[in-house]
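If you want the building blocks of each chain, they are given just below.
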Amino acid sequence: KSATMAEWWVHKRRKDQWHGHPMHFDTNEHLLRTSRGSCVQHPSVSTVVYLCDASERFGPTLVTNQRARQGVRDPAEEVATIAWPRPGRVLFFDGGYLHGALPGRPWLPAPGGNQKR
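All of these numbers come straight from a predicted model, not from anything done at the bench.

A. Seen up close, the pattern of salt bridges. One pass over the structure, following the stated rule, counts 2 salt bridges. Glu 29 serves as the salt-bridge partner of Arg 33, at 4.0 Å between the closest nitrogen and oxygen. One end of the pair, Arg 33, and the other, Glu 29, are both in helix H1 (residues 29-34), 4 residues apart, so they sit about a helical turn from each other. Residue Arg 33 is classed as exposed on the basis of its relative accessible area, which comes to 57%. Look at Glu 29 and you get partly exposed, because its relative accessible area is 40%. The partner of Arg 67 in a salt bridge is Asp 94, with the nearest N and O atoms 2.6 Å apart. Taken as a pair, Arg 67 in strand E3 (residues 58-67) and Asp 94 in strand E5 (residues 90-94) lie far apart in primary sequence, 27 residues in all.

The following block contains the structure:
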């Protein structure tokens, strides 16, 4: 089977945002909606392209081997890894894996200030 489409997303965060990006599965959302949740289709490969270094506001990407509707697995089979941002780094992983961007470190002083958030 060959790939038939591509999709891309861009996220821009304000300097005072540090909440990361929620854990999620990359999914054909149109198909999911039109099938009323009965058909879940994931990309063959998901990627993250980093344009800047890590900072106190933005954390690493967490990728697990958990799949949607997978059922209970042996905990010894569960795997997770993190990738820290670095300009030019590209992360490739199975498009059906649960992943997200971890929050930054909100306990550090806000940019330009000396009070903790």
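The rest of the description comes next.
B. Broad picture of the nonpolar core. Tyr 50, Val 63, Ala 83, Leu 91 and Phe 93 form the largest nonpolar core, which has 5 residues in total. Apart from the residues lying within four places of it in its own chain, the contact partners of Phe 93 are Ser 44, Val 45, Ser 46, Val 48, Val 63 and His 99.

Calculation rules
Residues numbered from 1 in each chain as written. Predicted model: local features only at pLDDT ≥ 70, side-chain atom pairs only at ≥ 80, totals over all residues. Heavy atoms only, no water. Salt bridge = Lys/Arg side-chain N within 4 Å of Asp/Glu carboxyl O. Helix = DSSP H or I, 4+ residues; strand = E, 2+ residues; numbered from the N terminus. Buried < 20%, exposed > 50% of the residue type's maximum accessible area, 1.4 Å probe, protein only. Core = buried A, V, L, I, M, F, W, Y, C linked by side-chain atoms within 4.5 Å. Contact = heavy atoms within 4.5 Å.

The values are spatial; any link to function lies outside them.
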